[in-house]
Each structure stands twice: as C-alpha cells, then as structure tokens.
Amino acid sequence: MNKNIEDYIFRKDNFLDKEYCEKSISELKICEWTKHELYTQNSVLPMQYTDPKVGELIQSGVVGSELQEKVENINELIIGKVTTVLREYIDKLDFIWFTDWEGFSSIKFIRYLPGQEMTVHCDLIHSMFDGVRKGIPILSMIGHLNDDYEGGETYFFDDKNGEKVDTKQGDLLIFPSSFLYPHYVTPVTKGVRYSYVSWVW
C-alpha cells in the first residue's frame, strides 16, 4: 500500500469530451442558480450558512420543471460513466478488496463567477445522509466542464502552501473524502468556471 497521500488523488483525462461539456454548459447557463450552503460543526449542533464568495450551484431535483429533464440527463450520463473510472482508480491502487460502495450522490453543478471561490474544507458531508442512509461519503469526485477562465485553480492540503492539481476541460478528479484531503478552489479572476461534484458512499 502506498503511503504517499498525494498518490490517492486520481485524474481521469478527458472523462467527458469537449462537445458534451460545451452542450452541458449551454443548458446550465439558462438555469437558475442558488447560493452554495456550507456546513460547519459547532459545539452545539451542525449549522449551514451561505458565503457570497463561494460558487453557486444547481442540483438535480431543485431546478425548474422545464429544465429538470435536461439537468437529469446530464447527471445520468456522468454517473453512468463513473463506475468504469472508479474501477480504474481502484485497480491503479491495487485495492482488489475495495468493492463495497453502495452508490453515488446526484450531481451538483457549481458555477464560479469572478471573485467567487471554494474555501478550504474536507468532504465529511452529513446532509446527504439525513434519511435512511447513515454515514459519510468515502470518495469525492470533481469534474471540470470548461477551462476558459483564469484563477479558479484546485488545490489540496495546506491552504497557504497547497498542492495544485492541474485540470482541463473534461477531466475528472477522484480522491478520498477523508479529513486528510482538505481542498479548495482559488478565486476566479476572469471568466466563469463550471464544474460538478458527486460523492461515492
């Protein structure tokens, strides 16, 4: 087993092709975006709050009915392709015993306008486990729909001397959702960044 935690960050180049990314962005552009809620654990109870600096999101199931089918179609195609890439990720690590995931969360699409960012955090997400399912995600996935913007770079680990992970349009990142993998997105300085996230549980 590799003891270098950087080696558990996996990039799948061209997971989605350029044409599909462009089509997805054109459909997402006409959707209504909402403020991204952040989750924090205080000493009394969990809290959710919004930060105007943080990117906005669209989630399957919360867009207007006239756009719901389009967003669901994008969601289904991405999730349909993910299983093969997860197998590639696990094979690369030689974890033949790791086959016990249950499923994936629905896609959240995130838009970063100039000045918006994602502050440093780890993906110990509770909100997707507030019903029958209990627990936290085991793997995180971040996909990139475009790269024609400036800033908006993905970093892992320390928020002052983090490790930048280069990505381009169509790429997909997979990494453990553990506290060992804090990550953040630097402020977008020009253009608009479109990405999506999902979690394996």
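The structure this text deals with has already been given above.
Residues numbered from 1 in each chain as written. Predicted model: local features only at pLDDT ≥ 70, side-chain atom pairs only at ≥ 80, totals over all residues. Heavy atoms only, no water.

Visitor: Honestly, helix α1 (residues 18-29) in this entry has me stumped. Any pointers?
Guide: Along an α-helix, residues three or four apart share an orientation, since each turn contains 3.6 residues. For α1, built from 12 residues, the straight-helix expectation of 16 Å at 1.5 Å per residue is met to within 8% by its first-to-last C-alpha distance of 16 Å. Listed in full, the buried residues belonging to α1 are Y20, C21, S24, I25, E27 and L28. The arc that holds every buried residue of α1, seen down its axis, measures 165°, which confines them to one face. Away from its buried face, by an angle of more than 90 degrees, α1 presents the exposed residues K18, E19 and K29. Its side-chain oxygen 3.2 Å from the backbone nitrogen of E19, D17 forms the N-cap of α1. (Helix = DSSP H or I, 4+ residues; strand = E, 2+ residues; numbered from the N terminus. Expected span 1.5 Å × (residues − 1). Buried < 20%, exposed > 50% of the residue type's maximum accessible area, 1.4 Å probe, protein only. Arc of directions from axis to C-beta. Polar contact = N/O pair within 3.5 Å; in protein donor to acceptor, adjacent residues only side chain to side chain.)

Visitor: Mind showing me how you'd approach the pairing of strand β6 (residues 108-112) here?
Guide: In the case of a regular strand, side chains alternate between the two sheet surfaces. Burial analysis of β6 places 5 of its 5 residues in the buried class, the great majority of the element. The two faces of β6 match: K108, I110 and Y112 on one face and F109 and R111 on the other face are all buried. Sheet topology note: the β6/strand β15 (residues 193-200) ladder contains 5 bridges and is antiparallel. When the sheet's bridge partners are listed, R111 is paired in β15 with Y194. (Pairing = 2+ DSSP bridges.)

Visitor: Quick question: what am I supposed to make of the nonpolar core here?
Guide: Where a protein is soluble and globular, its nonpolar side chains tend to be buried together. The biggest cluster of nonpolar side chains holds 51 residues, and the ones touching the most others in it are I78, F109, L145, I174 and Y196. The element best represented in this core is helix α2 (residues 65-93), accounting for 10 residues. (Core = buried A, V, L, I, M, F, W, Y, C linked by side-chain atoms within 4.5 Å.)

Visitor: Looking at this model, I keep getting lost on the sheet that holds strand β13 (residues 183-185). Mind explaining?
Guide: Each strand in a sheet pairs with its neighbour through backbone hydrogen bonds, running either in the same direction (parallel) or in the opposite one (antiparallel). Spatially, the 4 strands line up as an open sheet ordered β7-β13-β10-β11, and their pairing is antiparallel. The outermost strands of the open sheet, each flanked by one partner alone, are β7 (118-121) and β11 (163-165). Taking the axes of each pair of neighbouring strands and ignoring which way they run, one obtains an average angle of 25° across the sheet. Looking at chain direction, strand β10 (residues 154-156) and β11 are connected through 3 bridges and run antiparallel. From the neighbouring strand, F156 faces β11, where its bridge partner is E163. (Axes fitted to C-alpha atoms, helices over the stretch in contact; angles between N-to-C directions.)

Visitor: How should I be thinking about the environment of E163 in this particular structure?
Guide: Position of E163 relative to the elements: it lies in strand β11. Taking C-alpha positions, E163 is 9.1 Å from H183, a pair spaced 20 residues apart along the chain. The residues contacting E163, other than those within four sequence positions of it, are E6, T154, Y155, F156 and F157. (Contact = heavy atoms within 4.5 Å.)

Visitor: Explanation requested: the pairing of strand β8 (residues 139-144) in the structure shown.
Guide: The buried fraction of β8 amounts to 6 of the 6 residues, a majority that puts the element mostly inside the structure. Neither face of β8 is open: one carries L139, M141 and G143, the other S140, I142 and H144, and all of them are buried. One ladder, built from 5 bridges, connects β8 with strand β12 (residues 172-176); its direction is antiparallel. Within β12, the position partnered with M141 by the bridge is I174. Bridging between β8 and β15 involves 6 bridges; their strand directions are antiparallel. Across the sheet, H144 pairs through a bridge with S195, a residue of β15.

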